[in-house]
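What follows is the residue order along each chain.
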Amino acid sequence: TAVALVQDLPIGIDPGGADAWAWQDLMATAVDVGAPPDEFNTQGQNWGLPPFIPHRLRAAHYDPFIETIRTSLTAGGGLRIDHVMGLFRLFWIPAGERPSQGAYVRYPSGDLLDIVALESHRAGAVVVGEDLGTVEPGVRRELARRKMLSYRLWWFEKEEPRRWPELSMASVTTHDLSTVTGLWTGADLDEQKRLDLEPNVESTQRIRSRLAALPEVDETTSPADVVLAVHRRLAEAPSRMVCATLDDATLSEYRPNIPGTDPHRPNWSRALPTSIEGIIDDSFPRELMDIFNRAVASDRPQPGTDDGRT
């Protein structure tokens, strides 16, 4: 069976790149895009990317946005839109200021979502909107109305996975959050402290307590068994897509990225604890994926039955 490639659409472009030069008349070059302080990033985030000026983008008939979406869907079966809330509003931070000094700027979300819907329909592709962090009321409802998959993370959600919406992509964590092993052993919290990030210890302890409350888990349980336990719960989700990270499959203690720590941390370049050959030969990744395979098999309608699905 062929595996569809899901591309990733970042929230912005390199201010020193060709796109920023070509579209400079449409961009706010004295502003960076970011996020305000929240529970998991207490200092806020500055991503160092210039935003489009909404009225100028509209006057240009959204050509840069259309070109970007269409190109991103050409080679893949899907698209993950990073920080999909940016289609509704973006957090602008004046150059040189802290994230706490920023403010939200509105975007023509209806037009932008219409473009995504049209291009994804033409490409026959699925679209996932990464709606994590500070999400204003109505965003998820609008995404669901347009059949765009929402994100659901075990780290964030209070309800059990079996109660999550079908129009979602389910996972335990993301590249910006702690791995299961890193959270369970305390390695991720220790690294944040070494980097002077003022981590939210209470929140981390609360998530760890949820892991410890799983029936198969106690304080002596190995990281590998904790990874399997939480993914068994995740496999109960009715979500259209259910994912495990390569970092959890290799029992890595370190997440790929901690926002706001460049250049003090090797973000996006930290090696996994296992080589590619080792991953192929190791039984643990296969054991992890068997959890999902069994969930898919049990959800298939039996021959001669009609469960109403198409």
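Here, every reference points to the structure presented above.
Along each chain, numbering runs from 1 in the same order as the chain's sequence is written. Given that this is a predicted model, residues contribute local features only at a pLDDT of at least 70 and side-chain atom pairs are listed and counted only at 80 or more, while totals for whole chains, interfaces and linings are drawn from all residues. Hydrogen atoms and water are omitted, and side-chain values are computed over all heavy atoms in the structure.

### Quick look at the environment of Arg152
The cut-off we apply is this: Strands here mean DSSP runs of E at least two residues long; helices mean DSSP runs of H or I at least four residues long; both are numbered from the N terminus. We call a residue buried when its accessible area falls under 20% of the maximum for its residue type, exposed when it is over 50%, and partly exposed in between, using a 1.4 Å probe and counting protein chains only. Residues are treated as being in contact if the distance between any of their heavy atoms lies within 4.5 Å.
With respect to the helices and strands, the residue Arg152 is situated in strand S8 (residues 150-153). Overall, Arg152 belongs to the buried group, its relative accessible area being 12%. In this structure the C-alpha to C-alpha distance between Arg152 and Trp164, which are twelve residues apart in sequence, comes to 7.4 Å. Excluding residues that lie within four positions of it along the chain, Arg152 makes contacts with Asp131, Arg140, Glu157, Trp164, Pro165, Ser168, Met169, Ala170 and Ser171.

### Details of the packing of aromatic side chains
Here is the rule: Pairing of aromatic rings covers Phe, Tyr and Trp, the last through its six-membered ring, and needs centres within 6.5 Å; plane angles under 30 degrees mean stacked, over 60 mean edge-to-face, and all others mean tilted.
For the coordinates displayed, the defined rule picks out three aromatic pairs. Ring plane angle 45° and centroid distance 5.9 Å describe the contact between Trp23 and Phe52, whose orientation is recorded as tilted. Of this pair, Trp23 sits in the loop between helix H1 (18-22) and strand S2 (31-35) while Phe52 sits in the loop between strand S3 (45-49) and helix H2 (54-59), and the two are 29 residues apart along the sequence. Trp23 gets classed as buried once you look at its relative accessible area, which sits at 15%.

### A closer look at unusual backbone geometry
At the junction of Asp262 and Pro263, the peptide bond is cis and its omega measures out at 0° in the coordinates. Along the chain, the position of Pro263 falls in the loop between helix H10 (246-249) and helix H11 (276-281). In this structure, His83 takes a positive phi of about 50° despite not being glycine. With respect to the helices, strands and loops of the structure, His83 is situated in the loop between strand S4 (78-81) and strand S5 (89-94). Since its relative accessible area comes to 13%, His83 is described here as buried. Phi at Asp196 takes a positive value of approximately 55°, unusual for a residue other than glycine. Positionally, Asp196 belongs in the loop between helix H7 (187-194) and helix H8 (201-212).

Scope: geometric values only; no functional claims are made or implied.
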